[in-house]
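Okay, here's what each chain looks like letter by letter:
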Amino acid sequence: MSELVFYTNPNSRGRIVRWMLEEVGEPYRTEIVAYDAIKSPDYLAINPMGKVPALTHGDVVVTEAAAICAYLADAFPEKGLAPPLGDPRRGPYFRWLFFAAGCVEPAVVGKSLGFVVPPERKMMAGYGSLEDTLDALETAVTGKPFILGDRFSAADVYVGSQIGWGLQFGSIDPRPAFVAYSEALRARPAAQRAWQIDDELAAAAQAPAPQPEPA
């Protein structure tokens, strides 16, 4: 079996992929990419953007957190993390997975940077406005535990991460539907394992280096 190698930093969007890897449950190796080395020639050969996360699976290289989630779900179909080809649920699965990547992420980041789309320019922005985006997103998670109803999928990993971070940092309104959806996902064992791993890695990175014993 081809080795899975996960390139990440615990203080990054790599946390999304860590959660997905824990849901998949296959062995993987973690390579921590320090931010002072993220533009090194070795890492740029993997991701020319010089960003994490990235994943290699044998000779396959995948970047972008949403793409990695979708790739892993299809690479391990027996895990049931994506509807199979021919299943009509594959439509909403891809719809909301990539809506979160193409609309939610830039809309939320834009708000954090103080950027507001002028009303007369909303047609130029793929997400229209943050309010438009959140109104649409709310319809995806209202009245059901997961994006696909009663079935958890990779779309929930990515959409749930975007909503969870937005609620945590105040960039997404705490609408009841968002809060209920996020809290249910946080209870998943794979999510808790992933956060524990990355929290421990982040704490270790901030710890002072051990001092040599006196001679």
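Nothing here was measured: the structure is a model prediction, and the numbers come from that model. (Residues numbered from 1 in each chain as written. Predicted model: local features only at pLDDT ≥ 70, side-chain atom pairs only at ≥ 80, totals over all residues. Heavy atoms only, no water.)

**Q** Account for the pattern of salt bridges, naming residues and giving values.
**A** Taken as a whole, this structure holds 13 salt bridges when the rule is applied. Across the salt bridge formed by R29 and E3, the nearest N and O atoms sit 2.9 Å from each other. Of this pair, R29 sits in strand β2 (residues 29-32) while E3 sits in the segment before β1 (4-8), and the two are 26 residues apart along the sequence. Given a relative accessible area of 35%, R29 falls into the partly exposed group. When the shortest N-O distance is used, the salt bridge between E131 and R175 registers 3.1 Å. With E131 in helix α5 (residues 130-141) and R175 in the loop between α6 (154-169) and α7 (176-186), the pair connects residues that are 44 residues apart, well separated along the chain. (Salt bridge = Lys/Arg side-chain N within 4 Å of Asp/Glu carboxyl O. Helix = DSSP H or I, 4+ residues; strand = E, 2+ residues; numbered from the N terminus. Buried < 20%, exposed > 50% of the residue type's maximum accessible area, 1.4 Å probe, protein only.)

**Q** An account of the nonpolar core is needed here, citing residue identities and associated values.
**A** If you look at the biggest cluster of nonpolar residues, it comprises 55 residues, and the most contacted ones within it are M20, L72, Y93 and I147. Elements supplying a minimum of two residues to this core: β1, α1 (14-24), α3 (65-75), α4 (90-112), α5, α6, α7 and α8 (189-206). Among the elements that make up this core, the one with the highest residue count is α4 (nine residues). With sequence-adjacent residues up to four places away left out, Y93 is seen in contact with A70, A73, L81, A82, P83, L148, S153, A154 and A155. (Core = buried A, V, L, I, M, F, W, Y, C linked by side-chain atoms within 4.5 Å. Contact = heavy atoms within 4.5 Å.)

**Q** So what's going on with the environment of A194? Residues and values would help.
**A** By the secondary structure assignment, A194 is in helix α8. By relative accessible area, A194 is classed as buried at 0%. If we skip the residues at most four places from it in the chain, A194 touches R18, W19 and E22.

**Q** Tell me about the sheet that holds β1, residues and numbers included.
**A** Within a sheet, each strand pairs with its neighbour through backbone hydrogen bonds, oriented either parallel or antiparallel. Across the sheet, four strands lie side by side as β2-β1-β3-β4; this open sheet has mixed pairing. Looking at strand neighbours, the two that pair on one side only are β2 and β4 (60-63), the edges of this open sheet. Direction aside, neighbouring strands of the sheet carry axes that sit 20 degrees apart on average. The pairing of β1 with strand β3 (residues 54-57) spans four bridges and is classified as antiparallel. Residue pairing in the sheet places V5 in a bridge with T56 of β3. α3 rests against β1, β3 and β4 of the sheet, and its axis sits at about 135 degrees to β4. (Pairing = 2+ DSSP bridges. Axes fitted to C-alpha atoms, helices over the stretch in contact; angles between N-to-C directions.)

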